[in-house]
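# Tertiary structure, described
Chain by chain, the residues run as shown.
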Amino acid sequence: MNIVWFLLIGIAAGWLAGQFVKGSGFGLLGDLIVGVIGAVLGGVVFGLLGISSGGLIGSLVCATIGAVLLLVILRAIKRKA
């Protein structure tokens, strides 16, 4: 059941990140996939900074920050290509 919550939070974070980071975008499906990957990235970044994010809201914030970071990086790379 934990994997289902992880995916749902990642999808929500991807949508939120897509709303925060405006630009040419990757489309709805692309932003959702980025959200799931961003959830992992957010967990790594928060872990390195020593920040713990507990509960549903904390997980969503962590995943959204990771997804925003990933979208900013991907869009910067996309512009250069």
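Here, every reference points to the structure presented above.
Notes on the structure in this doc start here. Just so it is clear, the model here is predicted, and its values are computed rather than measured. (Residues numbered from 1 in each chain as written. Predicted model: local features only at pLDDT ≥ 70, side-chain atom pairs only at ≥ 80, totals over all residues. Heavy atoms only, no water.)

## A word on the overall build of the chain
The condition is simple: Working definition: helices are DSSP H or I runs of at least four residues, strands are E runs of at least two. Numbering for both runs from the N terminus. Computation of the radius of gyration draws on C-alpha atoms, with the globule rule given as 2.2 Å multiplied by the number of residues to the power 0.38. Each residue's exposure class comes from its accessible area (1.4 Å probe, protein chains only) as a fraction of the maximum for that residue type: buried when under 20%, exposed when over 50%, partly exposed otherwise. The criterion used for residue contact is that any of the two residues' heavy atoms lie within 4.5 Å. All accessible-area figures derive from a Shrake-Rupley calculation using a 1.4 Å probe, and residue coverage is judged against the displayed protein chains alone.
Scanning the chain for helices and strands turns up three helices and zero strands. When the helices and strands of the chain are read in sequence order from the N terminus, they spell out α-α-α. For the chain, the C-alpha radius of gyration of 12 Å lies close to 12 Å, the compact-globule estimate for 81 residues. By principal-axis analysis of the C-alpha atoms, the chain measures approximately 35 × 25 × 15 Å. The burial tally for the chain puts 32% of its 81 residues in the buried class. Residue pairs in contact within the chain that sit at least 24 positions apart in sequence constitute 79% of those at least 6 positions apart. Surface summary for the chain: the accessible area is close to 5100 Å², and the carbon and sulfur share equals 77%.

## Focus: the packing of helix α2 (residues 27–49) against helix α3 (residues 55–80)
Just so we agree on the cut-off: Simply put, an axis is a line fit to the C-alpha atoms, just over the touching stretch for a helix, and the angle between two N-to-C directions goes from 0 to 180 degrees. Angle categories are assigned with fixed cut-offs, so that under 35 degrees is roughly parallel, over 145 is roughly antiparallel, 65 to 115 is roughly perpendicular, and the rest are oblique. We call a crossing left-handed when the near helix sits turned anticlockwise from the far one by less than a right angle, and right-handed when that turn is clockwise. For this classification, Asp, Glu, Lys and Arg are treated as charged, while Ala, Val, Leu, Ile, Met, Phe, Trp, Tyr, Cys and Pro are nonpolar and the rest, including Gly, are polar.
Put simply, α2 and α3 touch, their axes get as near as 6 Å, and they point 115° apart. By the angle between their directions, the pair α2 and α3 is classed as roughly perpendicular. As for the relative orientation of α2 and α3, their crossing is right-handed in sense. Of the residues in α3, those touching α2 at Asp31, Val34, Gly35, Ile37, Gly38, Ala39, Leu41, Gly42, Gly43, Val45 and Phe46 are Cys62, Ala63, Ile65, Gly66, Ala67, Leu69, Leu70, Leu71, Leu74 and Arg75. Of the residues contributing to the contact of α2 with α3, the split by class is 14 nonpolar, five polar and two charged.

## Considering the packing of helix α1 (residues 2–20) against α3
Axis separation between α1 and α3 bottoms out at 8 Å; the angle between their running directions is 50°. When the axes of α1 and α3 are compared, the pair comes out oblique. In this structure, α1 crosses over α3, and the sense of that crossing is right-handed. Facing α1, whose interface residues are Trp5, Ile9, Ala12, Ala13, Gly14, Leu16, Ala17, Gly18 and Phe20, α3 presents Leu56, Ser59, Leu60, Ala63, Thr64, Ala67, Val68 and Leu71.

## So, the environment of Gly43
By secondary structure assignment, the location of Gly43 is in helix α2. The spatial distance from the C-alpha of Gly43 to the C-alpha of Ser53 is 8.5 Å, given a sequence separation of 10 residues.

## A look at the environment of Leu71
Relative to the helices and strands, Leu71 is located in helix α3. Its relative accessible area of 0% is what places Leu71 among the buried residues. When near neighbours in sequence (up to four residues on either side) are disregarded, Leu71 contacts Ala17, Gly18, Val21, Phe26, Asp31 and Val34.

## Brief notes about the side chain of Thr64
For Thr64, the position within the fold is in helix α3. You can call Thr64 buried: its relative accessible area is 9%. Every residue in contact with Thr64, bar those within four places of it in the chain, is listed here: Ala13, Leu16, Ala17 and Phe20.

Purely geometric stuff here, so don't read any function into it on its own.
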